[in-house]
Amino acid sequence: MVITGFHSIEEKIRAAKGKDNNTGLKLYFSKLGPRVKKILAAAKEAGITAEQAKDAELDKMVSELDESLRDHRGIVMEISGEAGSQKKTANIVDFDAWVKTHSGEGRSTVVILDCVTDPHNVGAILRSCDQFGASLVVIPEHNSASDIAGNEVIGRTSAGASAWVPVAIVNNLVRAAEQLKAAGFWVYGADAGGENCTKVDFAEKSVLVMGSEGTGISQLLEKQCDTIVSIPTCGKIDSLNVSVAAGVLLYELCMR
């Protein structure tokens with residue numbers, strides 16, 4: 001596995017610090033700019049080896065990645081062996097266990113992504129979740145971009161947040177919403193024609209349901225929503241990108 005992007009590489013190094021064996025991680029760099037020097041210093045502290053290479057060699061290493069990930073900017077990380085095959089990371093949590101530990105009082109925000117399949121959108125939403133303090137992101141196992149640990153588009157678009165924001169992957173989103181409601185959460189679905197989000201008195205324990213841009217929230221899941229909320233806009237097109245909408249709504253929740 002090859003990783004590009006300063007943020008993603010820095011988060012992998014940060015996650016590796018304190019581990020006894022980081023032999024499955026290696027950096028290759030071609031230019032010693034200020035940011036690369038900072039990354040190499042952190043890698044040395046974490047026991048991760050680095051090797052200088054030509055730009056052409058780095059180009060070859062990234063040639064099979066998604067086009068959006070090929071801009072290596074002079075440094076890439078190669079992950080191999082056990083480190084490369086490890087799919088479950090510390091931020092992938094068991095949903096049932098999480099609900100049990102968060103069923104009491106206290107502020108908590110959960111984001112449910114219903115059929116959000118574009119990894120760029122998932123990554124951008126995770127980044128907003130990190131910045132605005134979301135407690136958990138719930139993603140369905142099927143019909144979604146659920147490979148949080150292994151999808152480098154998600155990792156790069158999230159600027160590394162995919163390694164830190166707690167994520168639960170579940171079989172049934174409707175059942176997940178029911179469990180959250182039973183644990184005292186109020187469920188808000190994001191869709192057109194709902195209440196103005198700037199005027200909603202969001203509950204301390206809130207669930208924000210984001211649907212796909214094509215079909216929105218599925219009917220069965222929408223029935224679990226206590227309130228439908230909308231973002232007031234003044235443009236000429238009919239909707240916001242799902243990741244932008246999630247960021248706006250998470251800001252509203254965070255500021256209440």
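Preceding block: the structure.
Residues numbered from 1 in each chain as written. Predicted model: local features only at pLDDT ≥ 70, side-chain atom pairs only at ≥ 80, totals over all residues. Heavy atoms only, no water.

A. The arrangement of unusual backbone geometry in detail. Here the phi dihedral of R73 falls at roughly 55°; this positive angle occurs in a residue that is not glycine. Residue R73 is classed as partly exposed on the basis of its relative accessible area of 47%. A positive phi angle is found at C115, which is not glycine, with a value near 60°. Of note, C115 is situated in the loop between strand 5 (108–114) and helix 6 (119–131). (Buried < 20%, exposed > 50% of the residue type's maximum accessible area, 1.4 Å probe, protein only. Helix = DSSP H or I, 4+ residues; strand = E, 2+ residues; numbered from the N terminus.)

B. View of the sheet that holds strand 4 (residues 75–79). The 4 strands lie next to each other as 1-4-2-3, forming an open sheet whose pairing is mixed. Of all strands in the sheet, those bounded by a partner on one side alone are strand 1 (2–3) and strand 3 (49–52). In terms of strand pairing, strand 2 (residues 25–29) meets strand 3 through 4 bridges, oriented parallel. If you follow K26 over to strand 3, its bridge partner there is T49. Helix-sheet contacts for helix 1 (residues 6–16) involve strand 1, strand 2 and strand 4, and the interaxial angle to strand 4 is about 45°. Sheet strands in contact with helix 2 (residues 34–45) are strand 2, strand 3 and strand 4, and its direction is about 155° off that of strand 2. (Pairing = 2+ DSSP bridges. Contact = heavy atoms within 4.5 Å. Axes fitted to C-alpha atoms, helices over the stretch in contact; angles between N-to-C directions.)

C. Fine view of the side chain of Q224. Along the polypeptide, Q224 turns up in the loop between helix 9 (219–222) and strand 10 (227–230). Relative accessible area serves as the criterion here: at 15%, Q224 is assigned to the buried category. In this structure the side chain of Q224 is engaged in a polar contact, spanning 3.5 Å, whose partner is the side chain of E178. Excluding anything up to four places from it in sequence, Q224 contacts V174, A177, E178, K181 and V187. (Polar contact = N/O pair within 3.5 Å; in protein donor to acceptor, adjacent residues only side chain to side chain.)

D. Quick peek at the pattern of salt bridges. The final tally for this structure, using the stated rule, is 5 salt bridges. In this structure, E51 and K26 form a salt bridge, with 2.9 Å as the shortest nitrogen-oxygen distance. Here the residue E51 occupies a position in strand 3, and K26 occupies one in strand 2, the gap between them amounting to 25 residues. In this structure E51 comes out as partly exposed when scored by relative accessible area, which is 37%. With a shortest N-O distance of 3.9 Å, R175 and D96 are connected by a salt bridge. (Salt bridge = Lys/Arg side-chain N within 4 Å of Asp/Glu carboxyl O.)

E. View of the pairing of strand 5. Most of strand 5 sits inside the fold, with 7 of its 7 residues counted as buried. Of the two faces of strand 5, the one lined by S108, V110, I112 and D114 and the one lined by T109, V111 and L113 are each fully buried. Of the strand pairs in this sheet, strand 5 and strand 9 (residues 205–211) are connected by 7 bridges, and their pairing is parallel. When the bridges of strand 9 are listed, T109 appears paired with S206. Sheet analysis places strand 5 next to strand 6 (residues 136–140), joined by 3 bridges and oriented parallel. Its bridge partner lying in strand 6, V111 is registered against V137.

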